[in-house]
Amino acid sequence: MDASTTTRITAVTNQKGGVGKTVTTIGLAGALAEAGRSVLVVDLDPQGHATDGLKVPQAPSGNGVPNLYRALIGEFTGPVADLAVTHSQPAGRIDVVPNAFEMFMAVRDVDKVKAREQRLAKLLNSARGVWDYVLIDSPPSLDILTDNALTAADGVLIPVEAEDSSLKALELLLPQVASVDADLRIKPLELHGLVVNRLRRPPSLLAQSVLKEFATLDGLPVLATVPLGVVITEAWRYGRTVVDYAPESEHASAYRSIAETLEGVAR
Ligand SMILES: Nc1ncnc2c1ncn2[C@@H]1O[C@H](COP(=O)(O)OP(=O)(O)OP(=O)(O)O)[C@@H](O)[C@H]1O
Ligand SMILES: [Mg+2]
């Protein structure tokens, strides 16, 4: 890790399903690693999509096995480095805390443990000083796992689509962020902004009007727009980031510009 930076933990969050949380997490990891940064991707979604999209093996499940679920329920108390597997080492590196099958029990079981919203923060404290960036791929829900992501992170990135349903989703997510700030955090979470994903070119009239509404949201800038494109699904199929798979694409450029925003915040 570069001695001039401190570890920056970013939650990629929206309780709305399928808006591009995982694709944003992976694309951004690719852009940061291309710029020479070390990145830890944490697959907090029991669906295990980040693990699948990066084609790293699932962690084993079972009593006494070190995995994310066991860490969240307080059974594994070691450093997060013990849970990480390496995906690739372009200029920097991408490591992953992969899904374990038993993550499906996390929502139920983390609810029963002490300091339940702080379990991930406790684990990720051991990432500070080890990786430049930690990116948390959150599940599509406003539950105890998302609360853990919002408590553990320094900042949040919100992928959205240029649709009314995404505006509606923000009406639920932003109060949740505020309540986590009020109840669980010392320093407020930094709202880095929106990533408008899967934008059709040219944008429909409806999409244009939603984009205009996004632009009026105070303190929530649109950091990038990512077009709908087959390179995203192809890169996923081959377990590569789109920055590595299609470096000349507009998609790769979008993730590079989000990476630059984070680099600006980190310094
Ligand atoms: N810009 C894009 N172009 C083409 N396909 C995309 C794009 N962004 C996402 N997809 C595809 O859309 C689907 C949903 O994206 P993704 O899994 O990133 O969303 P998500 O918010 O993480 O979903 P979930 O809520 O289930 O976790 C995936 O199959 C992904 O490959
Ligand atoms: Mg996802």
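Draft legend 1. Structural detail: unusual backbone geometry. Along the chain, Arg201 connects to Pro202 via a cis peptide bond; the corresponding omega equals -10 degrees. If you trace the backbone, Pro202 turns up in the loop between β7 (190-199) and α8 (205-215). Non-glycine residue Ala115 carries a positive phi angle of around 50 degrees. Mapping Ala115 onto the fold places it in the loop between α4 (106-110) and α5 (119-124). A relative accessible area of 42% means that Ala115 is categorised as partly exposed.

Draft legend 2. Region of the structure containing the sheet that holds strand β1 (residues 8-12). One open sheet accounts for eight strands, arranged β3-β4-β2-β5-β1-β6-β7-β8; its pairing is mixed. Each edge of the sheet is formed by a strand with only one pairing partner; in this case those strands are β3 (85-88) and β8 (222-227). Taking each pair of neighbouring strands and ignoring which way they run, the sheet shows an average axis angle of 25 degrees. As paired strands, β3 and strand β4 (residues 93-97) are joined by three bridges and run antiparallel to one another. Each residue of the ladder has a partner; that of Ser88, found in β4, is Ile94. Contacting β1, β2 (38-43), β4, β5 (133-137), β6 (155-160) and β7, helix α1 (residues 21-34) crosses the sheet at an angle of about 165 degrees to β5. Relative to the sheet, α8 contacts β6, β7 and β8, its axis offset from that of β7 by approximately 175 degrees.

Draft legend 3. Main features of the layout of surface pockets. What the largest pocket holds in volume is close to 370 Å³. Along the wall of the largest pocket there are 19 residues; nearest its centre are Gly18, Gly20, Val23, Arg198 and Trp236. When residues of the lining of the largest pocket are traced back to their parent elements, those giving at least two are α1, β7 and α9 (230-237). Grouping the constituent residues of the lining of the largest pocket by class yields seven nonpolar, nine polar and three charged. Roughly 230 Å³ of volume is contained in the second largest pocket. As for the second largest pocket, its lining consists of 13 residues, and the residues nearest its centre are Ala121, Arg128, Thr151, Ala152 and Arg185.

Draft legend 4. Structural detail: the site of ligand 1. Lining the immediate environment of ligand 1, one finds 20 residues, of which Lys21, Thr22, Val23, Asn197 and Arg198 sit closest. One of the backbone N or O atoms of Gly20 is found 2.9 Å from an oxygen atom in ligand 1. Contact between ligand 1 and Lys21: an oxygen atom at 2.9 Å from a side-chain N or O atom of the residue. In the complex, 85% of the free accessible area of ligand 1, which totals 630 Å², lies under the protein chains. The cavity that encloses ligand 1 is the largest pocket.

Draft legend 5. View of the packing of helix α6 (residues 144-152) against helix α7 (residues 164-184). Where α6 contacts α7, the axes come no closer than 10 Å and their chain directions differ by 65 degrees. In the crossing of α6 with α7, the sense of the turn from one axis to the other is right-handed. Within the contact between the two elements, α6 uses Asp147, Leu150 and Thr151 and α7 uses Gln176, Val177, Val180 and Leu184. Across the contact of α6 with α7, the residue classes break down as four nonpolar, two polar and one charged.

Cut-offs and rules
Residues take numbers from 1 onward in each chain, read along the sequence in its written order. All chains are assigned letters beginning at A, and all ligands numbers beginning at 1, according to the order in which they are written. Local features in this predicted model are restricted to residues whose pLDDT is 70 or higher, and side-chain atom pairs enter the listing and the counts only when it is 80 or higher, whereas totals over whole chains, interfaces and linings include all residues. Derived side-chain values reflect all non-hydrogen atoms in the structure, with water molecules and hydrogen atoms excluded from consideration. Under the DSSP-based scheme used, a helix requires at least four consecutive residues in state H or I and a strand at least two consecutive residues in state E, with every element numbered from the N terminus. Exposure categories follow from relative accessible area, calculated using a 1.4 Å probe and restricted to protein chains: below 20% of the type maximum is buried, above 50% is exposed, and the middle band is partly exposed. What makes two strands pair is DSSP finding at least two bridges between them. Here an axis means a line fitted to C-alpha atoms, over the contact stretch when the element is a helix, while the angle between two N-to-C directions is reported on a 0 to 180 degree scale. Here, two residues are considered to be in contact whenever any of their heavy atoms come within 4.5 Å of each other. Both site types are read off a 1 Å grid over the protein atoms alone. A 1.4 Å probe that fits but cannot get out defines a cavity, while an open set with protein on both sides within 12 Å along at least five of seven lines defines a pocket; lining residues have an atom within 4 Å of a point. Grid points are joined across faces, edges and corners, and a volume is the space filled by probe spheres set on the points. Each residue gets one label: Ala, Val, Leu, Ile, Met, Phe, Trp, Tyr, Cys and Pro are nonpolar, Asp, Glu, Lys and Arg are charged, and the others, such as Gly, are polar. Each residue is tested against the molecule or strand, and it is near if at least one of its non-hydrogen atoms lies within 4 Å. N or O atoms closer than or at 3.5 Å make up a polar contact, with two conditions inside protein: a donor-capable atom paired with an acceptor-capable one, and, for residues adjacent in sequence, both atoms drawn from side chains. Areas reported here follow the Shrake-Rupley algorithm with a probe of radius 1.4 Å; residue values treat only the protein chains shown as occluding. More than half of a molecule's atoms within 2 Å of the grid points is what it takes for that molecule to sit in a cavity or pocket. Left-handed is the label given to a crossing in which the near helix is rotated counterclockwise from the far helix by less than a right angle, and right-handed is the label when the rotation is clockwise.

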